[in-house]
Amino acid sequence: MGDHETPSMAREGEEEEEDLPLTQPLLESQHHVLLRRSASNATSQVAIVGSNVCPIESLDYELVENDFFKQDWRSRDKSQIFQYIFMKWMLCFLIGLLAGLVGFFNNLAVENVAGIKFVITSNMMLEHRYAMAFAVFTVSNFALILFSSIITSFLAPAAAGSGIPEVKAYLNGVDAPGILSKRTLCVKIIGSITAVSSSLMVGKAGPMVHTGACIASLLGQGGSKKYGLTWRWLRFFKNDRDRRDLVTCGSAAGIAAAFRAPVGGVLFAFEEMASWWRSALLWRAFFTTAVVAIVLRALIDICNSDKCGLFGKGGLIMFDVTSEHVSYHLSDIPAVLLLGVIGGILGSFYNFLLQKVLRIYNLINEKGHAYKILLACSISIFTSCCLFLLPWIASCRPCPADTSEACPTIGRSGNYKKFQCPPGHYNDLASLFFNTNDDAIRNLFSKNTDDEFHYVSILIFFVTCFFLGIVSYGVVAPSGLFVPVIVTGAGYGRFVGMLMKSHSNLNHGLFAVLGSASLLGGSMRMTVSLCVILLELTNNLLLLPLMMLVLLVSKTVADAFNGNIYDLIMKLKGFPYLETHAEPYMRQLSVSDVVTGPLQVLNGIEKVSNIVHVLKTTGHNGFPVIDEPPISDSPLLYGLILRTHLIVLLKEKAFLPTPVYIGIDATKQFSADDFAKRGSGNSDKIEDIELTEEDMEMFVDLHAFTNASPYTVVETMSLAKALILFREVGLRHLLVVPKGSNRSPVVGILTRHDFMPEHILGLHPTLARSRWKRLRFRSCGLIKIFRASQANLRARI
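Each residue is numbered by its place in its chain's sequence as written, counting from 1. Only residues with pLDDT of at least 70 are given local features in this predicted model, and only at 80 or more are side-chain atom pairs given and counted; all residues enter the totals for whole chains, interfaces and linings. The basis for every side-chain value is the complete set of heavy atoms in the structure, and neither hydrogens nor water enter the calculation.

1. Side note on the overall build of the chain
Thinking step 1. For helices the rule is a DSSP run of H or I covering at least 4 residues; for strands it is a run of E covering at least 2, with both sets numbered from the N terminus onward. In terms of regular secondary structure, the chain is built from 26 helices and 14 strands.
Thinking step 2. Each residue's exposure class comes from its accessible area (1.4 Å probe, protein chains only) as a fraction of the maximum for that residue type: buried when under 20%, exposed when over 50%, partly exposed otherwise. Scored against the burial criterion, the 797 residues of the chain give a buried share of 58%.
Thinking step 3. Considering only contacts in the chain between residues 6 or more positions apart, those separated by 24 or more positions represent 79%.
Thinking step 4. Exposure was quantified through the Shrake-Rupley algorithm and a 1.4 Å probe, taking into account, for residues, occlusion by the shown protein chains and nothing else. Accessible surface computed for the chain: about 32300 Å², of which carbon and sulfur atoms make up 62%. Throughout, a contact is declared for two residues whenever any of their heavy atoms are within 4.5 Å.

Next comes the structure, spelled out in structure tokens:
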């Protein structure tokens, strides 16, 4: 009963509980197959990875302390230990260097591709060729998203979407083929550039996190025989523990490269991405993001000399929000609190609508490649129509006399877009819509622009961005949520600032920043990392108190409605993510209440035919090893052996003609590389092993290769306590042993699937109806006890 977790495919919010069966996942509607745990506890493990359904499995973060491992560890000298430490830092340096280069290249490409499109269209507008300008704008956007969706759908479906839910699940211990592959990396970079350049309401931050994780994973693969990269120093990283640390550093580097926010990147990885964290990892992640910051600074200095084409002041350039000295008073606090409350409500509503849209999109995407691409192209055409036609609603405004930049703006960026207006006038709505997202953010965040936008234009911009951000995410193309939420929040903040003009001294640019913070907090539910990222973006530490306040309020309000957007997407995709907390009903159950059988065990000295039969008839990834007389006085649990290790023993034919215990001598024909973990999806399969009838009658001594010290829990331990142990240690298998000594030495194995709410409530459906009522009942009981004690106390007095 090894690692065979069926993913926790959560329902779409609590409002769906009465409409859907208790264990019905999102994937059921896609496959019309109910993924329930069978009596043998061997069901398929699948989840939506990117835009396709893929098999998933857990990662081996636990050290396998068998005799072979101990001997190999003792044989290492000081030079090998130095090599290991040196390579850790060298790989972190390479991750930061490559992530910085990719982040700069992405911004450079987007600014130039989108810039050329806007320049051509603007020139046609100046010539009053409006129909041709609309056609060029729409067709260019259509071509860009068509290219992005085709390469994503056919070459790397795992590259679709943000990538943050997939990377977050990986760092929690869930692996899926292709999420960190070379092909996914290439498609993520190219697809993200074309998708963002197509004026679709998508961002680059999420894809950059996924890109950084891919870079880290590929560097940590331990070399490649195919490409001749078999340097001995790289072999130390052929395990999931070191790859997990590198991917964590990669995700931090991705955010640092997207926003030029090195400290924010580290905090983002710590607060949102990583399930396991320690001080040594913090130090390496900080070093990685510092490298990113230095690389970006050096490359931006090159671009300041006009060597980067149309690279503007958006993207990596810090946004100039307000004056050097931000002055605010106690009377401004109510306006900030209002921003936080409304931002929390809007953020939770954003998450709710996005869940609904993703469900509809998944029904469309399951029909095939043509439907995926058609959906993406349809959204592109609709977006182009909105961006080009809505500015015609706005009236032309005269150029301000005291502006420091050209008005109207001729070209691809600027605060004062001419669009269809006569000379000396500008279209404020076109200044927001007819720009890249980065330039729109810069315009909204600008200081001393309180009179630049009309409140109707800002309201139209906010509502349009709110819904375009929802319908754009989920198409088969790399797309992030960070930037769309920032843009939408900035519009909302500006609108509130206009309404509160007579009640607050804060300028509208500052309201836009706080609006972005409130909507980010309401949607993504992060506080510390978002606060630092926005402060690094705006380059103004004086905003810290207001930023902290608005984030705390918006997160608190939004938590009352639903979860953060990335957790909701993970549940919709079907990733069996282990939360940091246990559900209340788990404390009413013991581990024996969720363990099911039959249990597959192996003897310490096992016949080859039995091993082959077990491997071929089960999908389990871990098997208890039992010693029986005459090797031991009574049946004894010796440890746990992994499927991959059994396949290596069969492949190398480490067989014995008779069942004789040979112990450590069985390791002589093996090296550490034989048992090193390969990249995702590259492990050997039992079907690839060729054995003769004579081989099948022989024996294998498993003792030297069995983890002799696996984590175990007694069968009476509460499920909640076992979950905390399972998650905090990062386990793949947790053995359950009996309370007494007169039974089999092992009762069963707990895996990730056993802690999923859908599995637990499927076995014990009465808990679903009583878990919250029971909590309320207990609360009422505590109140009654408290009141009775108060009455007794008054009586005594």
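Once the structure has been displayed, the description carries forward.
2. Description of the packing of helix α9 (residues 262-273) against helix α18 (residues 528-538)
Thinking step 1. Think of each axis as a best-fit line through the C-alpha atoms, taken over the contacting stretch in the case of a helix, with angles from 0 to 180 degrees between the N-to-C directions. Taken N-terminus to C-terminus, the directions of α9 and α18 make an angle of 165 degrees; their axes are 8 Å apart at the nearest point. By the angle class used here, α9 and α18 are roughly antiparallel. Both α9 and α18 take part in a crossing whose hand is left-handed. Along the contact surface, α9 presents Pro262, Val263, Gly264, Leu267, Phe268 and Glu271, while α18 presents Val528, Ser529, Val532, Ile533 and Glu536. When an angle is under 35 degrees it counts as roughly parallel; over 145 it counts as roughly antiparallel; between 65 and 115 it counts as roughly perpendicular; any other value is oblique. Definitions for this section: a left-handed crossing has its near helix turned counterclockwise from the far helix by less than a right angle. A right-handed crossing has that turn clockwise.

3. Describing the pairing of strand β13 (residues 734-737)
Thinking step 1. Here β13 shows a buried face lined by Leu734 and Val736 and a second buried face lined by Leu735 and Val737.
Thinking step 2. Seen with its strands pointing away from the viewer, a crossover is right-handed if its path from the first strand over the helix to the second goes clockwise. Viewed along the sheet, the connection from strand β12 (residues 712-714) through helix α24 (residues 719-729) into β13 turns out right-handed.
Thinking step 3. Two strands pair if DSSP finds at least two bridges between them. Examined bridge by bridge, β13 and strand β14 (residues 748-750) share three bridges and lie antiparallel to one another. When the bridges of β14 are listed, Leu734 appears paired with Leu750.

4. Digging into the pattern of salt bridges
Thinking step 1. Salt-bridge detection follows one rule: a side-chain nitrogen of Lys or Arg within 4 Å of a carboxyl oxygen of Asp or Glu. All told, the structure shown has 17 salt bridges when counted by the stated rule.
Thinking step 2. The shortest N-O distance in the salt bridge between Arg284 and Asp245 comes to 3.5 Å. Note that Arg284 is positioned in helix α10 (residues 279-303) and Asp245 in helix α8 (residues 240-259), a separation of 39 residues in sequence.
Thinking step 3. The exposure class assigned to Arg284 is buried, which follows from its relative accessible area of 7%.
Thinking step 4. Taking relative accessible area as the criterion, Asp245 reaches 5% and is therefore assigned buried.
Thinking step 5. Shared partners join several salt bridges into a network, and the residues in it are Arg244, Asp245, Arg278 and Arg284.

5. Re α10
Thinking step 1. An expected span of 1.5 Å times one less than the residue number is assigned to each helix. Helix length check: α10 (25 residues) gives 36 Å between terminal C-alpha atoms against 36 Å at 1.5 Å per residue, within 8%.
Thinking step 2. Within the span of α10, buried status applies to Leu281, Arg284, Ala285, Thr288, Thr289, Val291, Val292, Val295, Leu296, Leu299, Ile300 and Cys303.

6. Concerning the confidence of the model for the chain
The predicted structure's coordinates, where accompanied by low pLDDT, should not be read in detail.
Thinking step 1. Per-residue confidence from the predictor is reported as pLDDT, which spans 0 to 100. Chain-level statistics for the chain give a pLDDT mean of 82 and a share of 84% at 70 or above.
Thinking step 2. Scored below 50 in pLDDT, residues 314-318 makes 22 contacts in the model with residues more than four places away or belonging to other chains.
Thinking step 3. Across residues 771-797, where pLDDT falls below 50, the model places 11 contacts with residues more than four positions away in sequence or in other chains.

7. Regarding the packing of aromatic side chains
Thinking step 1. In this analysis, rings of Phe, Tyr and Trp, with Trp reduced to its six-membered ring, are considered paired at centre separations within 6.5 Å, and the interplanar angle assigns stacked below 30 degrees, edge-to-face beyond 60, and tilted for intermediate values. Tallying each qualifying case throughout the model produces 25 aromatic pairs.
Thinking step 2. Between Phe270 and Trp277 the ring centres are 5.1 Å apart and the planes differ by 65 degrees, which places this aromatic pair in the edge-to-face class.
Thinking step 3. Judged by its relative accessible area of 43%, Phe270 falls in the partly exposed class.
Thinking step 4. Look at Trp277 and you get partly exposed, because its relative accessible area is 24%.
Thinking step 5. For the ring pair Phe466 and Phe467, a centre distance of 5.3 Å and an interplane angle of 75 degrees mean the geometry is edge-to-face.
Thinking step 6. Residue classification places Phe466 among the buried residues on the basis of a relative accessible area of 4%.
Thinking step 7. Among the aromatic residues, those joined into a ring-pair cluster are Phe118, Tyr130, Phe134, Phe137, Phe388, Trp392, Phe419 and Phe434.
Thinking step 8. Of note, Lys117 hangs over the ring of Phe118, and the distance from its end group to the ring centre comes to 4.9 Å. Working rule: Lys NZ or Arg CZ, within 6 Å of ring centre, within 35 degrees of ring normal, means a charge sits over the ring.

8. Examining the sheet that holds β12
Thinking step 1. Taken in spatial order, the three strands of this open sheet run β12-β13-β14, and their pairing is mixed. The open sheet has two edge strands with one neighbour each: β12 and β14. Averaged over all neighbouring strand pairs, the angle between strand axes comes to 35 degrees, with direction disregarded.
Thinking step 2. Sheet contacts for α24: β12, β13 and β14; angle to β13, the most-contacted strand, approximately 145 degrees.

9. Concerning the state of the cysteines
Thinking step 1. By definition, disulfides here are pairs of cysteine sulfur atoms that lie within 2.5 Å. The final tally for this structure, using the stated rule, is one disulfide.
Thinking step 2. A disulfide bridge connects Cys396 with Cys421, and the sulfur atoms are separated by 2.1 Å. Taking the sign of the S-S torsion, -95 degrees for the link of Cys396 and Cys421, the bridge is left-handed. With a gap of 25 residues between them, Cys396 in the loop between α12 (369-389) and β5 (397-398) and Cys421 in the loop between β5 and β6 (425-426) connect regions that are remote in the sequence.
Thinking step 3. You can call Cys396 partly exposed: its relative accessible area is 28%.
Thinking step 4. Here Cys386 stays free of any disulfide, with the sulfur of Cys385 as its closest cysteine sulfur at 7.0 Å.
Thinking step 5. For Cys386, a relative accessible area of 13% corresponds to the buried category.

10. Examining unusual backbone geometry
Thinking step 1. Put simply, Pro629 and Pro630 share a cis peptide bond, and its omega is 10 degrees.
Thinking step 2. Summarising the element assignment, Pro630 is placed in the loop between β9 (622-627) and β10 (636-642).
Thinking step 3. Even without a glycine there, the phi angle at Arg260 is positive, about 50 degrees.
Thinking step 4. Relative to the elements of secondary structure, Arg260 occurs in the loop between α8 and α9.
Thinking step 5. Overall, Arg260 belongs to the buried group, its relative accessible area being 14%.
Thinking step 6. Phi is positive for Lys653, close to 55 degrees, though the residue is something other than glycine.
Thinking step 7. Note on placement: Lys653 falls in the loop between α22 (643-652) and α23 (693-696).
Thinking step 8. Lys653 gets classed as partly exposed once you look at its relative accessible area, which sits at 39%.

11. Comments concerning the side chain of Thr618
Thinking step 1. In this structure, Thr618 sits in the loop between α21 (608-617) and β9.
Thinking step 2. What makes Thr618 buried here is its relative accessible area of 12%.
Thinking step 3. Two N or O atoms count as a polar contact when they lie within 3.5 Å, although within protein this holds only if one can serve as hydrogen donor and the other as acceptor, and sequence-adjacent residues are included solely when both atoms are side-chain atoms. Of note is the side chain of Thr618, whose polar atom sits 2.7 Å from the backbone oxygen of Val614.
Thinking step 4. The residues touching Thr618, leaving out its near neighbours within four places in the chain, are Gln600, Phe623 and Arg643.

12. Examining the sheet that holds strand β7 (residues 602-603)
Thinking step 1. Strand order across the open sheet formed by three strands is β7-β9-β10, with mixed pairing between neighbours. Looking along the sheet, the strands with just one partner apiece sit at the ends: β7 and β10.
Thinking step 2. In the sheet, β7 pairs with β9 via two bridges, with the strands oriented parallel. Looking at the pairing, Leu602 lines up with Val625 of β9.
Thinking step 3. Relative to the sheet, α22 contacts β7, β9 and β10, its axis offset from that of β10 by approximately 80 degrees.

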